[in-house]
Structure formats: C-alpha cells, structure tokens
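Here is what each chain is made of, one letter per residue.
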Amino acid sequence: MKTRIYTIDEKNIDLEIMKEAGAVIAAGGLVGFPTETVYGLGADAMDASASEKIYAAKGRPSDNPLIVHIADLDALKDIALEVPDAVYILAEKYWPGPLTMIMKKGPKVPYKTTGGLDTVAVRMPSNAIALALIKASGTYIAAPSGNLSGRPSPTLASHMIEDMSGRIDMIIDGGKVGIGLESTIVDLTGDVPMILRPGYITKEMLERDLGCVEVDPAIVAGNEDKNFRPKAPGMKYRHYAPKGDLTIVEGQSDDVILCINRLALEQKHAGKKVAIIATDETRHLYDSDFIFSIGSREHEETIAANLFEILRDMDGLSMDVIYSESFAEGHLGQAIMNRLLKAAGHQVIEA
Ligand code: TXA
Ligand code: MG
C-alpha cells in the first residue's frame, strides 16, 4: 500500500485535504494524525473491520482496547450506555484536552474497538487537525498511539512514517506534538474514580473536581514485583524500550553525575557505544561521546515533549548502553517516570 503524506498547518487547515482524509476514515481506511499528546492511528470506531485493521497495522494484541476520539459531547449518546455526572464535570474543565474517560459501552460500539470489554475509553482531543478530521469523517475515530506495538509513541510525523509507511492509507504531518506523553486515563465506572495511566492531567487536578481519586496500584512506581494486574490492558505490555540497555540513575544530582560518568567510562572501555540522557542544566558535566539533553528541569514540559523522540534516536544511533537521569519531580514527574521506567524495564540504580 502506498501511504499518502500531507502536511497541514494547524492554524490554517486545508479543508480539501481534511475532506480527503475524512473520506478515507469513512471508507474504513487508516489515517495517522497529530493530537496534542502523541500522533494517533485513526480508523472508524463504529466499524469493527476498520478497528481490526488498526490491530494488524500496529501488530497490537487484540485484547488491548482503543480510545474513541470525539469532537463534541453529543457523541456520548452514541458511545456510552450511561454517562456519569463526573464525565460532564471533567469534560467541562478538561475537554477538549489530554484526558481519556472510561465509561460503560453503548451497544453501537463494536467489541473489536473495546478489545472485548463492556467499557469504552473516550477522549476529545484539542488539536485542531484532530478535531477537523473527526468532523470530516462523519463518525468517531478509534486511535491508539501511531507507533508499531512496543515502540515509543510518535511525537513527530517522521516517527509515524518510520513505523507505518506502506501499512496505512494516509499520514497527516501537523508538526511536533505539544505534550509528548499520552493522555491521562481515568476510569469512571466504579464507585471511586481511578487513574489507569498518569498523564498531563494529574491526580491532584482530578481530586479538585471529584474529591477522592485512586491510582491503579499496578502503575504505582515501586509496585512492579507485586504482581498487580493493570486495569488498562495496554499497561501490562512491554513498551517504549530502546534496543540498547537503558538504566535510570537516581539520587542527588552530584552523585548521579559521578555515578553515570564512572559507569559510562567502564562501558566505553568494554567497547560499548554509550549514551547519556542529561538535562540542559547538567549536560556539560558529563564526559562521554554521546550526551543528549532531554530538556530543562526549569521547564519540565520540555522533558515530557522530548522523551519519546530521544528514545527513538537511541535506536537510530544504535546505542548499546544508555544511562538516564531520573525525572520524578514536578507536575509531570509521575507521567514521565511511568514511561521512562517502562522503557528501562524498571532497571534503576541508586547513585
Ligand atoms: O493520548 C492518547 O491517549 C493517545 C492519542 C492518540 O489520543 N492514544 C493512546 O492510545 O495512547 P493507546 O491505544 O496507545 O493507549 C490506550 C490505552 C491502552 O493502555 C488501553 O489498554 C487503555 O488505554 N484502554 C482503552 N480502553 C480501555 C478500557 N475500556 N478499559 C481500560 N483501559 C482501556
Ligand atoms: Mg500506545
């Protein structure tokens, strides 16, 4: 299959191209498109065979449900069996935006879309291209992150092209995404709302609106070996891991720098190609052939936005061994570390 690639300016959207892209979705095809979190791989959420194509293109296990993307609240009547008040409260504040809410599935949503579950994940993205695509399609769009299963989520169209060229009908290049980490997922089907995947919208933010909010114990750092089963099926899979061996080094900044420099030198002497993931504040303190700054600790959003790109670059450069600083602080710390720990297979050392 030849993949058509179009560049679209989010601030000046070419409606002819959106019409063409919408028609691809309506006809059961696949379109890669930008959202504010990561690029998505879209298909008609209400068409079981279209959803099936997503699983095939990604090489994704079929028990891993898809998020249904909508452009207006009216859509909920077609998708959800019942809409809890909490959905309206959170929608008012955070939609369109990087929050996915899980509710009971309505009968029109195929089980292929929900991985066989009686619940459905719904999100209204804020990226104008994503919203225009949903509207142009005349349906709702099931879209996982647009990476091949297991790889880091795409934050640039070039990542989607790398993974999906020849496998899907169209890719819309809308430039680099804003946030760079997938949406927060909150399950609203139980008595107490529960976060199944951390993201830009934090527990504290949700608690302001809903009171008590729990976090799925399976995704809390430190609980890895306790055999909890993640409530979001996708969270149990190995994910984001670069081909090189990635280790996170925690501790006081000075100790971390000393420790990483020592380990990097040992590995270099052993003939390994070694990369260091540092920050703008620390990069000049390292001594190695491959030092990458992931962003600034003063602006943690830059760290989130660059994480997946750096992990992909490690593969492009065939790094054997990678050491990374830890980024657990701040508003985005939990979401960043959730992805980084997965990428490292939970390999962490204390400096
Ligand atoms: O930011 C995002 O959410 C991006 C963009 C494209 O919107 N999408 C995304 O989709 O990250 P994906 O498929 O890569 O991740 C969806 C996660 C998976 O872990 C899946 O298991 C979980 O959501 N999920 C979907 N429906 C669910 C449900 N009904 N119950 C529990 N977990 C669900
Ligand atoms: Mg994904």
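See the structure shown above.
About the thresholds
- Residues numbered from 1 in each chain as written.
- Chains lettered and ligands numbered in written order.
- Predicted model: local features only at pLDDT ≥ 70, side-chain atom pairs only at ≥ 80, totals over all residues.
- Heavy atoms only, no water.
- Helix = DSSP H or I, 4+ residues; strand = E, 2+ residues; numbered from the N terminus.
- Buried < 20%, exposed > 50% of the residue type's maximum accessible area, 1.4 Å probe, protein only.
- Core = buried A, V, L, I, M, F, W, Y, C linked by side-chain atoms within 4.5 Å.
- Contact = heavy atoms within 4.5 Å.
- Pairing = 2+ DSSP bridges.
- Axes fitted to C-alpha atoms, helices over the stretch in contact; angles between N-to-C directions.
- Parallel < 35°, antiparallel > 145°, perpendicular 65-115°, else oblique.
- Left-handed = near helix turned anticlockwise from the far one by under 90°.
- Nonpolar A, V, L, I, M, F, W, Y, C, P; charged D, E, K, R; others polar.
- Near = heavy atom within 4 Å.
- Polar contact = N/O pair within 3.5 Å; in protein donor to acceptor, adjacent residues only side chain to side chain.
- Areas by Shrake-Rupley, 256 points an atom, 1.4 Å probe, with all protein chains shown as cover.

The general pattern is negative phi for most residues beyond glycine and trans for most peptide bonds. Tryptophan 95 connects to proline 96 through a cis peptide bond whose omega is -10 degrees. Here proline 96 shows up in the loop between helix H4 (85–94) and strand E5 (99–104). Positive phi outside glycine occurs at tyrosine 240, with the angle close to 65 degrees. Overall, the relative accessible area of 2% leaves tyrosine 240 in the buried class.

So, about the nonpolar core. Counting residues in hydrophobic clusters, the biggest one holds 73 residues, and the most contacted among them are Ile70, Ile79, Trp95, Leu99, Met101, Met103 and Leu206. In terms of residues, this core owes the most to one element, helix H5 (residues 128–137), which gives 6 residues. Those residues within four positions of tryptophan 95 in sequence are excluded, and the remaining contacts are Ile70, Leu73, Leu90, Met101, Met103, Val122, Arg123 and Met124. One finds Val38, Phe292, Met314 and Ile336 within the second-largest nonpolar core, a separate group that totals 27 residues.

Our next topic: the environment of aspartate 287. Looking at where aspartate 287 falls in the secondary structure, it is placed in the loop between strand E13 (274–278) and strand E14 (290–293). According to the relative accessible area criterion, aspartate 287 is exposed, its value standing at 64%. C-alpha of aspartate 287 to C-alpha of methionine 124: the two residues are 163 residues apart in sequence and 45 Å apart in space.

Here we come to the sheet that holds strand E8 (residues 170–173). Read from one edge of the open sheet, 11 strands run E1-E8-E2-E3-E7-E4-E6-E5-E9-E10-E11, paired in mixed fashion. Each edge of the sheet is formed by a strand with only one pairing partner; in this case those strands are strand E1 (4–7) and strand E11 (214–215). Alignment of strand E2 (residues 31–33) against strand E3 (residues 40–44), held across 3 bridges, turns out to be antiparallel. Pairing of phenylalanine 33 across the sheet is with glycine 40, part of E3.

Relative orientation of the contacting elements helix H9 (residues 300–316) and helix H10 (residues 333–343) amounts to 15 degrees, with a least axis distance of 10 Å. Our classification of the angle between H9 and H10 gives roughly parallel. With respect to the hand of their crossing, H9 and H10 are arranged in left-handed fashion. When H9 is examined against H10, the residues Glu300, Ile303, Ala304, Leu307, Phe308 and Leu311 are found in contact with a partner set consisting of Gly333, Ile336, Arg339, Leu340 and Ala343. Each residue belonging to the contact of H9 with H10 can be placed in one class, and the counts come to 8 nonpolar, 1 polar and 2 charged.

Looking now at the site of ligand 1. In the neighbourhood of ligand 1, 28 residues make up the surrounding shell, with Thr37, Asn64, His69, Ser183 and Gly234 lying closest. Arginine 60 is positioned with one of its side-chain polar atoms (N or O) 2.9 Å from an oxygen atom of ligand 1. Interatomic distance of 2.7 Å between a side-chain N/O atom of histidine 69 and an oxygen atom of ligand 1. Expressed as a share of its isolated accessible area of 690 Å², the protein-covered part of ligand 1 is 97%. Secondary-structure elements contributing two or more residues to the shell around ligand 1 are strand E4 (67–69), strand E6 (119–123) and strand E10 (194–197). Among the residues making up the shell around ligand 1, the classes are represented as 15 nonpolar, 8 polar and 5 charged.

What follows concerns the packing of H4 against helix H7 (residues 203–210). One can describe the packing of H4 onto H7 by two numbers: an axis separation of 10 Å at closest approach and a directional angle of 125 degrees. Taken together, the axes of H4 and H7 lie oblique to each other. In terms of crossing hand, the pair formed by H4 and H7 is right-handed. Seen from H4, the contacting residues are Ala86, Ile89, Leu90, Lys93 and Tyr94; seen from H7, they are Met205, Leu206, Asp209 and Leu210. In terms of residue class, the contact of H4 with H7 is built from 7 nonpolar, no polar and 2 charged.

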